[in-house]
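Architecture at a glance
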Amino acid sequence: MSMQTGLATSTPQLRTYPVTTDVSVAAPAPLREIARVEPSSAQRNLRTEPGPIRFIIIALAIAFLSVFVVLPLVVVFASAFSKGIGAYLAALAEPEALAAIRLTLLIAAISVTLNLVFGVLAAWAISKFEFTGKTFLITLIDLPFSVSPVISGLVFVLLFGAQGYFGPWLQAHNIHILFAVPGIALATIFVTFPFVARALIPLMQEQGTQEEEAAISLGASGLQTFFRVTLPNIKWGLLYGVLLCNARAMGEFGAVSVVSGHIRGDWRCLLYTSRCV
């Protein structure tokens, strides 16, 4: 009992201090404000061109586009409507013009359809698989870009002409390639060969194969994977390639002029004739 009383009396008394209400702690600055360093005027000048230089560059770009793009278009439309819109519509209603338009649309439909199918298959194979001859296939796809259209038309003449490699056999079987629709279609297909494939290959390589592998692992077939996974991802790139292919097919002149003949008024060369009017 005495020990407990001694412990109780020996317990030190705790001091109490009055609470101060005027103590304020500043809030820390946000991390963004701490990390943000405003560049000096010297640094900003290093990253931007001076005003006169920017003005000269923009003026040169606008002048280049005006001379090589806008001015030719203005001249074409001015020449087309120089005699009035009535004369222009009357020229379009001529039999030769209508036949040329039909032939141009037919050749464009054939070449765009075939190049669409080949371009999608080639892009699929090149971007999704590794195989022997892949580099060679890419080289073949790019070949029409490096060959003159006139030279490509001459190649078809050397192959299917009367003195060409297949000429005697074609004549013996009464098959006409040159100066006919098949020759024009072949030349146009060759010239427009790379556009769809070249528009899709970088896009499909960038997308990778993860989504297709996931679809196949979930039980989707090859066609289901293509139409439900791959095609929605490449639809805009595919549209871009088709538009380029169609524009080149409808505007091609060099190869078509070689394989279609130069006889004005002949149905076999109306495409060439319409582009010379």
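As the structure is a prediction and not an experimental result, all values here were calculated from the model.

1. Describing the packing of helix α6 (residues 95-128) against helix α10 (residues 181-191)
The interhelical angle for the contact between α6 and α10, taken along N-to-C directions, is 50°, at an axis separation of 9 Å. Between α6 and α10, the angle falls in the class oblique. In this structure, α6 meets α10 at a crossing whose hand is right-handed. Of α10, the residues touching α6 (which contributes L103, L106, I107, I110, S111, L114 and N115) are V181, I184, A185, T188 and I189.

2. Things to note about the nonpolar core
With 16 residues, the main nonpolar core has I141, L200 and I201 as its most contacted residues. If sequence neighbours within four positions are ignored, I141 has contacts with F118, A122, I126, F193, P194, A197 and I201. By size, the runner-up hydrophobic cluster in this structure holds eleven residues, among which are L103, A187, V191 and V256.

3. So, the pattern of salt bridges
Enumeration according to the criterion identifies four salt bridges in this entry. A salt bridge links K128 to E212, with the shortest nitrogen-to-oxygen separation between them at 3.4 Å. You can see K128 sitting in helix α6 and its partner E212 sitting in helix α12 (residues 210-217), a full 84 residues away along the chain. E212 shares its class with K128; the two are buried.

4. Considering the confidence of the model for the protein chain
In the predicted model, the protein chain carries a mean pLDDT of 80, and 77% of its residues have values of at least 70. Scored below 50 in pLDDT, residues 1-5 makes zero contacts in the model with residues more than four places away or belonging to other chains. Here residues 267-277 scores under 50 on pLDDT; set against residues more than four positions off or in separate chains, the count is 40 contacts.

Parameters and conventions
- Residues numbered from 1 in each chain as written.
- Predicted model: local features only at pLDDT ≥ 70, side-chain atom pairs only at ≥ 80, totals over all residues.
- Heavy atoms only, no water.
- Axes fitted to C-alpha atoms, helices over the stretch in contact; angles between N-to-C directions.
- Helix = DSSP H or I, 4+ residues; strand = E, 2+ residues; numbered from the N terminus.
- Parallel < 35°, antiparallel > 145°, perpendicular 65-115°, else oblique.
- Left-handed = near helix turned anticlockwise from the far one by under 90°.
- Contact = heavy atoms within 4.5 Å.
- Core = buried A, V, L, I, M, F, W, Y, C linked by side-chain atoms within 4.5 Å.
- Buried < 20%, exposed > 50% of the residue type's maximum accessible area, 1.4 Å probe, protein only.
- Salt bridge = Lys/Arg side-chain N within 4 Å of Asp/Glu carboxyl O.
- pLDDT = per-residue confidence, 0-100.

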